[in-house]
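# Structural description and commentary
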Amino acid sequence: MASAKAAKETKALAEYRRKRDFAKTGEPKGDRSGTARDRPCFVVQIHDASTLHFDFRLEADGVLKSWSVPKGPSDDPHDKRLAVSTEDHPLAYRDFEGIIAEGEYGAGTVIIWDEGTYRNLTTDRHGKEVGLVDALEKGHASFRLDGSKLHGGYALTRIQTGQGRDRAAWLLVKHDDRRASSHGTPDPRRARSVRSGRTLHQLAADAPGGGT
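Residues numbered from 1 in each chain as written. Predicted model: local features only at pLDDT ≥ 70, side-chain atom pairs only at ≥ 80, totals over all residues. Heavy atoms only, no water.

Let us look at the overall build of the chain. Scanning the chain for helices and strands turns up 4 helices and 9 strands. Reading the chain from its N terminus to its C terminus gives the helix and strand order α-α-β-β-β-β-β-β-α-β-β-β-α. Looking at the chain residue by residue over its 212 residues, the buried ones come to 44%. Considering only intrachain contacts with a sequence separation of at least 6, the fraction spanning at least 24 residues in the chain is 57%. Surface summary for the chain: the accessible area is close to 11,600 Å², and the carbon and sulfur share equals 48%. (Helix = DSSP H or I, 4+ residues; strand = E, 2+ residues; numbered from the N terminus. Buried < 20%, exposed > 50% of the residue type's maximum accessible area, 1.4 Å probe, protein only. Contact = heavy atoms within 4.5 Å. Areas by Shrake-Rupley, 256 points an atom, 1.4 Å probe, with all protein chains shown as cover.)

Pairs can form between side chains of opposite charge once their charged atoms are near each other. All told, the structure shown has 15 salt bridges when counted by the stated rule. Close ionic contact of R167 with E15 constitutes a salt bridge, the shortest N to O distance being 2.4 Å. Residue R167 is located in the loop between strand 8 (151-160) and strand 9 (169-174), and its partner E15 is located in helix 2 (residues 14-18); the two are separated by 152 residues in the primary sequence. A relative accessible area of 26% places E15 in the partly exposed class. With a closest N to O distance of 3.3 Å, R57 and D55 form a salt bridge. Among the residues examined, R57 registers a relative accessible area of 3% and is labelled buried. Overall, the relative accessible area of 6% leaves D55 in the buried class. If you follow the salt bridges from partner to partner, you end up with E15, K19, R20, E27, E87 and R167 in one network. (Salt bridge = Lys/Arg side-chain N within 4 Å of Asp/Glu carboxyl O.)

A separate point is the nonpolar core. If you look at the biggest cluster of nonpolar residues, it comprises 29 residues, and the most contacted ones within it are F56, L58, W67, F143, L145 and L156. In terms of residue count, the dominant contributor to this core is strand 2 (residues 52-60) (4 residues). Once residues lying within four places of it in the same chain are set aside, the contact partners of L58 are C41, F42, V63, L64, K65, W67, Y118, L132, F143, L145 and L156. With 10 residues, the next largest nonpolar core counts L64, L91, F96 and V110 among its residues. (Core = buried A, V, L, I, M, F, W, Y, C linked by side-chain atoms within 4.5 Å.)

Taken together, the 7 bridges between strand 7 (residues 140-147) and strand 8 define a ladder with antiparallel strand orientation. Residue pairing for strand 8: H140 is matched across the bridge by T157. Here strand 7 folds back onto strand 8, and the loop between the two strands holds 3 residues. Bridging between strand 8 and strand 9 involves 6 bridges; their strand directions are antiparallel. Within strand 9, the residue paired with Q160 across the bridge is A169. (Pairing = 2+ DSSP bridges.)

Locating K19 in the fold gives a position in the loop between helix 2 and strand 1 (41-48). K19 sits 68 residues away from E87 along the chain, and the two C-alpha atoms are 9.9 Å apart. In this structure, K19 is in contact with E87, Y105 and R167, ignoring residues within four places of it in sequence. Within the structure, the side chain of K19 is placed 3.3 Å from the side chain of E87, a separation counted as a polar contact. (Polar contact = N/O pair within 3.5 Å; in protein donor to acceptor, adjacent residues only side chain to side chain.)

The structure is reproduced here in structure tokens:
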């Protein structure tokens, strides 16, 4: 059972590992799954790479299902945020905050903007729960976030299936519930890490060779 699970995880993370030289990047290789928890986790990282964007990740099936969200998650139900699927990441990536070296895939600064747990809300027409992985395969998933900054229901809906090198396109939308508001999304350059309290600029400046 354990070997089958490891083989499945290795296959899921093959693209992630192929893109990275772990002798040069401090990103986790993901050799082991994270510690089991009562509820699956989510994490939102701000990534100042070739383009500044948010990375939205949900734990499912032993990995972090991941999307690049250019404008970031919003707590306003009127905001329909484009979310482009990316490769699965290891669970250990939820703890990654730092600098990806120049020349490496995704080079740039990463901070953990928000983190917490989530509960799957996806059901079929009979009210029976649909697992998150199955829901994503079918193109629609609903879930409730319990983070430091993001709260309440959200939905991911696929609007375009990926073909060839193109990634699938989704919409990430806040449910119109009691945790909804009109605040939207903060300026990513002024936003602070939920872990260290630093902005992207401050983290970069504090890194070795980053200046004073």
